[in-house]
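Letter by letter, the chains look like this.
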Amino acid sequence: MMTTKHQSQPFFTKQLMWVALTDTLRKLAPQQQWKNPVMFVVYVGSLLTTGLCITSIYQGNEQQLGFMLAITFWLWFTVLFANFAESIAEGRSKAQAASLRGAKRELMAKQLNEPHYDTDYTKVVSTLLRRGDVVLIEAGDFVPADGEVIEGAASVDESAITGESAPVIRESGGDFSSVTGGTRVLSDWLVVRVTVNPGEAFIDRMISMVESASRQKTPNEIALTILLVALTLIFLLTTVTLLPFSIYSVDIAKSGTPVSITVLVALLVCLIPTTIGGLLSAIGVAGIGRMMQKNVIATSGRAIEAAGDVDVLLLDKTGTITLGNRQASAFFPLNGISERELADAAQLATLADETPEGRSIIILAKQKFALRERNIQELGATFVAFSAQTRMSGVNIGAKQIRKGAMDAIRTYIEAQQAKFPDEAKQLADTVARRGSTPLLVAEGGRVLGVIELKDTVKGGIKERFVELRRMGIKTIMITGDNRLTAAAIAAEAGVDDFLAEATPEAKLKLIREQQAEGRLVAMTGDGTNDAPALAQADVAVAMNSGTQAAKEAGNMVDLDSNPTKLIEIVETGKQMLMTRGALTTFSLANDLAKYFAIVPAAFASTYPELGALNIMGLSSPANAILAAVIFNALIIVALIPLALKGVTYRPQSAESLLRTNLLIYGGGGVIVPFIGIKLIDLGLTALAF
Amino acid sequence: MMQHIKPALFMLLFFTVLTGIAYPLLVTFGAQILFPAQANGSLIVNDKHTLGSELIGQSFTRPEYFWGRPSATSSSAYNAAASSGSNLGPSNPNLRELVQQRIKVLRELDPSNTQPIPVDLVTASASGLDPHISSAAVLFQLNRVAAVRHLPLDKIEALVTQCTEARQLGVLGEPRVNILRLNLALDNRRSCLE
Amino acid sequence: MFINTYSQISLYLITLLLLAKPLGVYMANVYENNPMLLNRLFAPVELALYRLSGIKAAEEMTWKQYVAALLWFNFFGGLAVFIVQIAQAYLPLNPQQLANVSFDSAFNTAVSFVTNTNWQGYSGETTMSYFTQMLGLSVQNFVSAATGMAVLVAMIRGFQRTHATTIGNFWVDLTRGVLYILLPLALVFSFILVSQGVVQTFKPYLTIPMVEQVQASPPTQQTSSQTIAVGPAASQVAIKQLGTNGGGFFNANSAHPFENPTPLSNFLELLAILLIPAALCHSFGTMVNDPRQGWTILTTMTLVLLGALLVTLHYEQAGNPLLNALGVDQTSSLTQSGGNMEGKETRFGIVNSVLWATTTTAASNGSVNAMHDSFMPLGGMVPLCLIQLGEVIFGGVGSGLYGMLIFAIIAVFVAGLMIGRTPEYLGKKMEAFEIKMAAIVILIPAFFILMGTALAVLSDAGKIATANPGAHGFSEILYAFSSAAGNNGSAFAGLSANSPFYNIVLGIIMLFGRFGIILPVLAMAGSLAAKKSVPATVGTLPTHTPLFVLLLIATILLVGALTFVPALALGPIVEHLQMLNQL
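Residues numbered from 1 in each chain as written. Chains lettered and ligands numbered in written order. Predicted model: local features only at pLDDT ≥ 70, side-chain atom pairs only at ≥ 80, totals over all residues. Heavy atoms only, no water.

Side note on the overall build of chain C
Now for step 1: The number of helices and strands found in chain C is 21 helices and five strands.
Now for step 2: Relative to the 2.2 N^0.38 estimate, which gives 25 Å for 583 residues, the radius of gyration of chain C is 23 Å and therefore close to what a compact globule would have.
Now for step 3: For chain C, the C-alpha atoms occupy an extent of roughly 85 × 60 × 50 Å along the three principal directions.
Now for step 4: The buried share of chain C, taken over its 583 residues, is 71%.
Now for step 5: The contacts in chain C between residues at least 6 apart in sequence include a share of 79% that link residues at least 24 apart.
Now for step 6: On chain C, roughly 15,900 Å² of surface is accessible, and the fraction owed to carbon and sulfur atoms is 68%.
Now for step 7: Of the side-chain charges in chain C, 21 are positive and 23 negative, and the distance between the mean point of each set is 16 Å. (Helix = DSSP H or I, 4+ residues; strand = E, 2+ residues; numbered from the N terminus. Rg over C-alpha atoms; globule rule 2.2 N^0.38 Å. Buried < 20%, exposed > 50% of the residue type's maximum accessible area, 1.4 Å probe, protein only. Contact = heavy atoms within 4.5 Å. Areas by Shrake-Rupley, 256 points an atom, 1.4 Å probe, with all protein chains shown as cover. Lys, Arg positive; Asp, Glu negative; His and termini not counted. Charge placed at Lys NZ, Arg CZ, Asp CG, Glu CD.)

Quick word on the packing of helix α7 (residues 219-240) of chain A against helix α9 (residues 261-271) of chain A
All names here are of chain A.
Now for step 1: It is at 9 Å that the axes of α7 and α9 come closest, and there the two elements cross at 155 degrees. Here α7 lies roughly antiparallel to α9, going by the angle between them. For the crossing formed where α7 meets α9, the hand is right-handed. Across from F235, L236 and T239 in α7, the residues of α9 making contact are L264, L267, L268 and L271.
Now for step 2: Looking at the contact of α7 with α9, its residues break down into six nonpolar, one polar and no charged. (Axes fitted to C-alpha atoms, helices over the stretch in contact; angles between N-to-C directions. Parallel < 35°, antiparallel > 145°, perpendicular 65-115°, else oblique. Left-handed = near helix turned anticlockwise from the far one by under 90°. Nonpolar A, V, L, I, M, F, W, Y, C, P; charged D, E, K, R; others polar.)

Considerations on the UniProt feature "binding site: Mg(2+)" (unreviewed entry) in chain A
Residue and element names in this part refer to chain A.
Now for step 1: According to UniProt, the feature "binding site: Mg(2+)" (unreviewed entry) maps to D527 and D531 in the numbering used here.
Now for step 2: Tracing the backbone shows D527 in the loop between β19 (522-526) and α20 (532-537).
Now for step 3: Judged by relative accessible area, which is 29%, D527 ranks as partly exposed.
Now for step 4: Those residues in contact with D527, other than ones at most four positions away along the chain, are M544, G547, T548 and A551.
Now for step 5: Position of D531 relative to the elements: it lies in the loop between β19 and α20.
Now for step 6: The class of D531 is buried, set by a relative accessible area of 7%.
Now for step 7: The contact partners of D531, leaving out residues within four places of it in the chain, are K508 and G526. (UniProt positions renumbered as here; feature names shortened; annotations may be inferred.)

Quick word on the state of the cysteines
Residue and element names in this part refer to chain B.
Now for step 1: If you walk through the whole model with that rule in mind, you get one disulfide over all chains.
Now for step 2: Each disulfide pairs two cysteine sulfurs, and for C163 the partner residue is C192, the sulfurs being separated by 1.7 Å. Between C163 and C192 the disulfide shows an S-S torsion of about 95 degrees. By sign, it is right-handed. Of this pair, C163 sits in helix α5 (residues 153-163) while C192 sits in the segment after α6 (179-186), and the two are 29 residues apart along the sequence. (Disulfide = S-S within 2.5 Å.)

Here's the deal with helix α3 (residues 93-109) of chain B
Now for step 1: Over its 17 residues, α3 of chain B runs 24 Å from end to end, which matches the ideal 24 Å to within 8%, given 1.5 Å per residue.
Now for step 2: Within α3 of chain B, the full set of buried residues consists of L95, V99, R102, I103 and L106 of chain B. Taken down its axis, α3 of chain B places every buried residue within 100 degrees of arc, on the same side. Facing away from the buried side of α3 of chain B by more than 90 degrees, the exposed set consists of Q101, K104 and E108 of chain B.
Now for step 3: Looking at the buried side of α3 of chain B, the elements it contacts are β3 (117-118) and α4 (135-149) of chain B together with α12 (321-324) and β3 (328-329) of chain C.
Now for step 4: The N-capping residue of α3 of chain B, defined by a side-chain oxygen 2.9 Å from the backbone nitrogen of N94 of chain B, is N92 of chain B. (Expected span 1.5 Å × (residues − 1). Arc of directions from axis to C-beta. Polar contact = N/O pair within 3.5 Å; in protein donor to acceptor, adjacent residues only side chain to side chain.)

Concerning the interface of chain C and chain A
Now for step 1: Each partner contributes to the interface: chain C provides 60 residues, whereas chain A provides 59 residues.
Now for step 2: Carbon and sulfur atoms make up 76% of the surface buried where chain C meets chain A, a total of about 5,200 Å² over both sides.
Now for step 3: Counting the surface chain C buries against chain A, the share from its top three residues, M418, L547 and L570 of chain C, is 14%.
Now for step 4: On the surface where chain C and chain A come into contact, there are two salt bridges. (Buried area = accessible area lost by both parts, 1.4 Å probe. Salt bridge = Lys/Arg side-chain N within 4 Å of Asp/Glu carboxyl O.)

So, the UniProt feature "transmembrane region" (unreviewed entry) in chain A
Now for step 1: Per the UniProt record, "transmembrane region" (unreviewed entry) is found at residues 40-59, 65-85, 222-247, 259-285, 625-645 and 665-689 of chain A.
Now for step 2: The span residues 259-285 of chain A carries 85% helix and 0% strand; its end-to-end C-alpha distance comes to 40 Å.

Looking at the interface of chain C and chain B
Now for step 1: Chain C puts 122 residues into the contact, and the matching count from chain B is 106 residues.
Now for step 2: Carbon and sulfur atoms supply 65% of the area buried between chain C and chain B, which totals about 9,000 Å² over both sides.
Now for step 3: Residue R347 of chain C pairs with D130 of chain B through a salt bridge whose shortest N-O separation is 3.9 Å.
Now for step 4: Along the contact surface separating chain C from chain B lie 47 residue pairs in polar contact (both at pLDDT 80 or more).
Now for step 5: Tallying contributions element by element places helix α7 (residues 170-196) of chain C first for the side of chain C that touches chain B, with 13 residues.
Now for step 6: Class assignment for the residues of the side of chain C that touches chain B results in 67 nonpolar, 44 polar and eleven charged.

Looking at the nonpolar core
What tends to happen in soluble globular proteins is that the nonpolar side chains get buried as a cluster.
Now for step 1: Core analysis: the biggest nonpolar cluster contains 383 residues, and M557 of chain A together with I393 and Y425 of chain C have the highest contact counts within it.
Now for step 2: The biggest single contributor to this core is helix α22 (residues 566-603) of chain A, with 18 residues.
Now for step 3: For this core, the two domains that each supply at least three residues are domain 1 (14-96 + 211-294 + 572-688) and domain 3 (296-321 + 459-560) of chain A.
Now for step 4: With residues near it in sequence (within four places) discarded, Y425 of chain C still touches F159, F284, Q293, I297, L405, A408, I409, V412, M430 and T543 of chain C. (Core = buried A, V, L, I, M, F, W, Y, C linked by side-chain atoms within 4.5 Å. Domains from an automatic or database assignment.)

Re the sheet that holds strand β4 (residues 132-133) of chain B
Residue and element names in this part refer to chain B.
Now for step 1: In spatial order, the strands read β4-β6-β5; together these three strands make up an open sheet with antiparallel pairing. Whereas interior strands pair on both sides, the edge strands pair on one side only; in this sheet they are β4 and β5 (164-165).
Now for step 2: Two strands pair when backbone bridges link them, and β4 and strand β6 (residues 176-178) are joined in this way by two bridges, in the antiparallel orientation. Paired with I133 across the two strands is V177, which belongs to β6. (Pairing = 2+ DSSP bridges.)

Notes on the sheet that holds strand β12 (residues 381-384) of chain A
Residue and element names in this part refer to chain A.
Now for step 1: The strand order across the open sheet formed by six strands is β11-β16-β15-β14-β13-β12, and the pairing between neighbours is antiparallel. Of all strands in the sheet, those bounded by a partner on one side alone are β11 (327-333) and β12. Here the strands of the sheet are splayed against their neighbours by 20 degrees on average, with no regard to which way each runs.
Now for step 2: Note that β12 and strand β13 (residues 392-397) share four bridges and pair antiparallel.

Some words on the domain arrangement of chain A
Now for step 1: In terms of domain boundaries, chain A breaks down into domain 1 (14-96 + 211-294 + 572-688), domain 2 (108-198), domain 3 (296-321 + 459-560) and domain 4 (323-457).
Now for step 2: The gap between the C-alpha centroids of domain 1 of chain A and domain 4 of chain A is 71 Å.

Brief notes about unusual backbone geometry
All names here are of chain C.
Now for step 1: Phi angles above zero are rare outside glycine, and H163 is one such case at about 50 degrees.
Now for step 2: Within the secondary structure, H163 is located in the loop between α6 (130-160) and α7.
Now for step 3: Accessibility expressed as a relative area gives 59% for H163, which makes it exposed.
Now for step 4: Residues other than glycine seldom take positive phi values, yet N487 does so here, at roughly 55 degrees.
Now for step 5: Positionally, N487 belongs in the loop between α18 (471-485) and α19 (500-530).
Now for step 6: Classification of N487 by relative accessible area gives buried; the value is 7%.

Thoughts on the packing of aromatic side chains
Now for step 1: Counting across every chain of the model gives 34 aromatic pairs over all chains.
Now for step 2: With 5.1 Å between their ring centres and 65 degrees between their planes, F14 of chain B and F15 of chain B make a pair best called edge-to-face.
Now for step 3: Among the aromatic residues, ring-to-ring pairing joins W34, F40, Y43 and W76 of chain A into one connected group.
Now for step 4: It is K6 of chain B that lies over the ring of F10 of chain B; its NZ or CZ is 5.5 Å from the centre.
Now for step 5: In this structure, R149 of chain B is placed above the aromatic ring of Y65 of chain B, and the distance from its NZ or CZ to the ring centre is 5.1 Å. (Phe/Tyr/Trp six-rings, centres within 6.5 Å; stacked < 30°, edge-to-face > 60°. Lys NZ or Arg CZ within 6 Å of the ring centre and 35° of its normal.)

A word on the pairing of β13 of chain A
All names here are of chain A.
Now for step 1: Across the six residues of β13, five count as buried, placing the element largely inside the fold.
Now for step 2: Inspection of the sheet shows β13 paired to strand β14 (residues 400-405) by six bridges, in the antiparallel sense. The residue bridging G394 from the neighbouring strand is R403, located in β14.
Now for step 3: Count of turn residues in the β13/β14 antiparallel hairpin: two residues, of which G398 carries a positive phi of about 60 degrees.

Some words on the environment of L71 of chain C
Now for step 1: Within the secondary structure, L71 of chain C sits in helix α3 (residues 63-86).
Now for step 2: Every residue in contact with L71 of chain C, bar those within four places of it in the chain, is listed here: F515 and L519 of chain C.

Laid out in structure tokens, this is it:
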């Protein structure tokens, strides 16, 4: 199963730009700016220099006015650029969410007066539905809200959400009982209990997360903000105290004038980490957006961030590691029974079994012995369905009872009839299991006929994936209901680090707790109701959209594609978000070096012309030097918006080599780029004869 | 909070007795037995006369003596009751003036000497009590002392060699000459070999 | 000369690194309460002491209790030093009959010694009686050092433990630090110092007729005799070097021939400055069960020190260009060390003065064997920068390493993000609380250095104290506040800081520079101890590689130094450029 990225969109659309631009201005409200302490300092600085400009104009003090106006202008642009970055990220993510929401519009719903099919309903607007309400959905109706099927079965078109065009079956009970608002029932009917209040659906929550107003900062974002605030305070100290230092220097050097407030504000804005400060929330919002692009809905930014920290991945064997369609590959009859006899019995027992696995037995029987498919009705046979108690399925034809099932189930069945379970059957089953295949035993009456080998195919490319994960330091554990022998064989073939065989929900939960007790962060996927406790325990829990409501409630992410392999992509997205923050923080800090070389000699040019020796960039004049630094500082925010939105490229490799690469690019680059940038801007200013 | 007060006071008392009384007393007692000369100031004694401390420089201002480092101690040079450097910054005009003055004095004293003046002879030491000067500073003054004292150069050179201290253990510190000891040797009051 | 310079530096660093390892492991054993030889001697003493003081040694403290115990102890300690000073005229062991110390100076000195700063606003031989030096100052030399080590050990326990509520017992850590580490080392070291000529006597100052005067006839106006200050110096010098205290017995500190008489004593005192801070890196590695972590930190410190050393060496050895112009010979040759010898001693020459200046400011020792005020502008800027980095390059005993660990945490934080994981150090996740505490630790010195200097240059009382004109005067003020906030204690000593303004302001800053950092560090220790430990994988940022060393150095330089660039530009940097222009 591949991810369907049907919501891909151009980077900037015209409409998006327009919304973003208006948002940019709307965010100038002080209470909005206050949320971002670093940019708030720039905001206050801009207000201050604006005030100084107005005072100068009012007092008719023309000297330096041009310079002051230019600085003020660019300071405001710094603020606006940061707002714009946030707006554009929000806009994109909202567009993403809106397209996910797709058909979710205001609908008329048929609210049932009593929670069953044969009762009257009243038509209500879907947005009025509350949790617990029961609605009837008939063929052609849209599902009005997320809910759980309590009666009926129907085929549902979920393409609006998943992009998958084939309809899926939703029915009461079992693991396919949940429906998502906005999907459409194609045939039959469903009685659904609404499970969310208006505005609480996953998509609603997701949309609210990208709106800065209600967005909760993630733990790392909080920690980083603290660090940025501390750095801002330090540089605030540096610049504030520079005024008395400058006054004193003028006094002792007996030349020049103290540094002006405008220059100090310019220095402050250049030194504080505006690059990361301005892009920080955009990075977070874009991270959520990228998840959505992968058709994953996260219920919190915290969950996305935690995904980057995952140490252990619990992966279901079926569907994730193996293709999941086990195919019958051979018949192994017991001594004294012919292979054809076994194939015949197996075919009979499987006639009513519509699973791909069952079909493969019939096909194998046909291939090997040209056994034709018989009609179950014509034989007068009754089909015995698989049940959780017996864990067998089969057929009764008159007195003849044929059963197939796992070894334990068949052993119980045989022993229940006071017969002896033959050792040979066990040996055969073990041989098959050791190959990584699943042995399916066939018995007739009290007699074991033989073993069918069901071969499971490991997905192509999955082994390489696990190698990558290992390189990232993530341990993979395969979860399977198979016995140890089968599990070990598949685990070896797929290259997982560990496996949990004969997994029960309790065993899964125990495994997660053990891993967590050792300090590891665990991620898993799940769909069934019995996965819910484990999902709730796991740190990153991805519920399949096809799964039950209970599973979705227990998880902190929902994968609309219901693709368990996506866990790996989720981890990468989480890492990417953190990396982008780290990279831009490093870049921002490293920038300060060049800015010092630009501003320090310029700021004290009148007092200590000797400091001109530090003007290693050869900037044209003190005013231009300061202006160039401020302009660079503003433009770099815009220049880095695409990086903030797309995220730093992530390649699976060890922490050490990842750090080396990023340190070189963002640390080294952060030192060099501003030297070049400021010089170029200065050349531009000179050319414009500013 | 309060439960810590008693332990705090007791501990302070204990450590005061241990490290403030017992420890220095023990060291003093031991030092006076093991290294009495050093513990009492490394004094140079000759015929019951104390001539000075080997470690504390003295001021020499007359041409027949080798001069030591300029001293910036307060009230008078080489005031061993108030050690101190000049703390003049490298760019301080006073420093330049002082050095200029010292150069002038040295040049006037020995006009024939055209060698460049070794830096330690015109810069104040850190303690103001530096007992040493560099060999270069001794060599610079050699001719003058010989001339004033009417002594042959090689005799003084021999004395200087006797009084020159090499690097300790062959590596540490700088080669240097103890001025007080050299001048005492010149005066025949105490040889550097003693 | 070149060979000699570098062989002295190499000999020093190699000896230091060789001694650090065994001592570090020994200290780890002391704090882990492992059985050892000295137990036989000190265990009964410990037991009796705890019983008398009402201390339950087996009971551990939460971080808050640890802080409370530490603060009370330091409060009483400071009070005692204060009282001894203002009453010394009435106390014994005052052969020179020195007067009581003024209130502001006594406050400053009490704070200075309790905070392990040992800034000396006073001049030792003319101010402090033997009684004050011993019972006041010397005691704090021991216990303030032991306090620093205790805080460090508490922080290491934070890394060691999981889901724990306590971080050790302050009284036990304090006592063991003094009994098993500082006292034995100081005792041995004292005797070695005496053998080299450091005085140790209770006799009054000596008066000796001067050689030149005896010969003079007629007697000139000059004093005919020399008064030589002596005292119980060796015992105090030993601990002031070992405990990164640095407060000299005499005014000229370790430049004084009675505190540091020979190149060998100089070498050993130099070793003593960095010995415990370097060894503690190994204690750290041993205690967190990963010696590589200790080596990494030690390598980082050594590299920064070496860099600083070479810069200073370059400028000091090059000498003062203004004097070259006067015909002074500053070249290094077989007969002289040459270089900028103003404020330096002949027996130490350039290399030992520079080595001392960088180690004493890298470590928050603050003792000097040359006058930093007379260093070349950039030569003097390096010690200033080392202080401003936060006293983490070796740093004070204990305090240097816990400060360095804070920088490591910040480096890990930024780097951790860069590799896409919630940053973790030694298995502990670095979250908002840790970053908050780390931020406080970094903000406090920056705040007090810059604001203090600003206050001084705005007030007459501050400005009048400068001894040198121009930008150098600004450097003097900046250095004083850096030294106080960093708990270093060295000075651009031309500054007349023994005034009520400086005594009080610097005193307050020293308090914040010490306890304003200990508090968040212990809070962090508490928080770390309560955390679970994350096992390391290849996805974990390794904190023992050359890359991490590089990262840590970059973090220290960026976070520590960027703050002060403008201030330095107005002090040493412009002074340097002005001097070049004068040529």
